[in-house]
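Coordinate inspection notes
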Amino acid sequence: MKTRTSSPPVRPVAALPTSAGPLSRYLQQQAEARILRQDLLHALRTGILNALAQTALFSEAERVRASASVHECEQVAQLQRWYCNVHQLYQERLASLYLPYAGRLGLYAPVQPLMWIA
């Protein structure tokens with residue numbers, strides 16, 4: 001039994017024609033959708049991390065845990081849920097700062113949270 005020692009010659013493949021047919025439109029739409037998805041993921045990640053970073057309402061452990069989870073997540077729906085939850089928690093914690101200082105006249109004294117002093 002004889003075996004072939006060399007591979008058969010490879011024929012060059014012709015380049016795909018550039019046309020405005022349905023396949024090229026579909027491929028163009030898929031490329032645009034990928035770009036839009038990446039932009040949306042970036043915007044959601046930025047929104048979550050900015051809400052956590054710009055305030056003393058969240059502990060350092062919460063920031064680290066959220067940052068790791070947010071950067072690993074690739075699902076838009078999951079990031080949207082986290083975005084809503086983080087902003088809801090932010091509003092609740094901010095409101096809890098105002099509540100003890102509500103006077104009888106309905107006046108609220110804003111309280112600045114203590115910033116970490118190194």
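All of these numbers come straight from a predicted model, not from anything done at the bench.

Moving on, we come to the overall build of the protein chain. Along the protein chain, the regular secondary structure elements total 3 helices and 0 strands. Taken from N to C terminus, the helices and strands of the protein chain fall in the order α-α-α. By the burial criterion, 14% of the 118 residues in the protein chain qualify as buried. In the protein chain, the share of contacts with a sequence separation of at least 24, taken over all contacts with a separation of at least 6, comes to 61%.

This part covers the packing of helix H1 (residues 22-53) against helix H2 (residues 60-72). It is at 10 Å that the axes of H1 and H2 come closest, and there the two elements cross at 175°. Between H1 and H2, the interaxial angle falls into the category roughly antiparallel. Two secondary-structure elements touch here, H1 through Arg45, Ile48, Leu49, Leu52 and Ala53 and H2 through Arg63, Ala66, Ser67, Val70 and His71. Partitioned by chemical class, the residues of the contact of H1 with H2 number 6 nonpolar, 2 polar and 2 charged.

Here the focus is the nonpolar core. Formed by 13 residues in total, the largest nonpolar core has its most connected members in Ile48, Leu52, Phe58, Leu79 and Val86. Elements represented by at least two residues in this core include exactly H1, H2 and helix H3 (76-98). The element that contributes the greatest number of residues to this core is H1, accounting for 5 residues. In this structure leucine 52 touches Phe58, Arg63, Ala66 and Val86, once residues within four positions along its chain are discounted.

Side chains carrying opposite charge are able to pair once their charged atoms draw close together. The full count for this structure, using the stated rule, is 3 salt bridges. One salt bridge in this structure joins glutamate 60 and arginine 63, with 3.1 Å as the shortest N-O distance. Placement of the pair is glutamate 60 and arginine 63 together in helix H2, with a separation of 3 residues, close to one helical turn.

If you check H3, its first and last C-alpha atoms are 33 Å apart, about what 23 residues at 1.5 Å a residue would give, namely 33 Å. Taken as a whole, H3 has its buried residues at Val76, Gln78, Leu79 and Val86. Against the buried residues of H3 lie H1 and H2.

Across its 32 residues, H1 extends 46 Å between first and last C-alpha, which sits within 8% of the 46 Å expected from 1.5 Å per residue. Along H1, the residues that are buried comprise Leu41, Leu44, Arg45, Gly47, Ile48, Ala51 and Leu52.

On the surface, Leu23, Tyr26 and Leu27 cluster together to form a nonpolar patch covering roughly 340 Å² of accessible area. As for its position among the elements, leucine 27 is in helix H1.

For arginine 45, the location among the structural elements is in helix H1. Each residue touching arginine 45, except ones within four places of it in the same chain, is listed here: Val70, His71, Cys73, Glu74 and Leu79.

A few words now on the packing of H1 against H3. When two helices pack together, their arrangement is given by the angle between the helix axes and by the axis-to-axis distance. The interhelical angle for the contact between H1 and H3, taken along N-to-C directions, is 20°, at an axis separation of 9 Å. By the angle class used here, H1 and H3 are roughly parallel. Both H1 and H3 take part in a crossing whose hand is left-handed. Contacts between H1 and H3 involve Arg37, Leu40, Leu41, Leu44, Arg45, Gly47, Ile48, Ala51 and Leu52 from the former and Val76, Leu79, Gln80, Trp82, Tyr83, Val86, His87 and Tyr90 from the latter. Counted by class, the contact of H1 with H3 contains 12 nonpolar, 3 polar and 2 charged residues.

Scoring rules and cut-offs
- Residues numbered from 1 in each chain as written.
- Predicted model: local features only at pLDDT ≥ 70, side-chain atom pairs only at ≥ 80, totals over all residues.
- Heavy atoms only, no water.
- Helix = DSSP H or I, 4+ residues; strand = E, 2+ residues; numbered from the N terminus.
- Buried < 20%, exposed > 50% of the residue type's maximum accessible area, 1.4 Å probe, protein only.
- Contact = heavy atoms within 4.5 Å.
- Axes fitted to C-alpha atoms, helices over the stretch in contact; angles between N-to-C directions.
- Parallel < 35°, antiparallel > 145°, perpendicular 65-115°, else oblique.
- Nonpolar A, V, L, I, M, F, W, Y, C, P; charged D, E, K, R; others polar.
- Core = buried A, V, L, I, M, F, W, Y, C linked by side-chain atoms within 4.5 Å.
- Salt bridge = Lys/Arg side-chain N within 4 Å of Asp/Glu carboxyl O.
- Expected span 1.5 Å × (residues − 1).
- Patch = residues over 30% accessible without salt bridge, like charges linked within 9 Å, V, L, I, M, F, W, Y side chains within 5 Å.
- Areas by Shrake-Rupley, 256 points an atom, 1.4 Å probe, with all protein chains shown as cover.
- Left-handed = near helix turned anticlockwise from the far one by under 90°.

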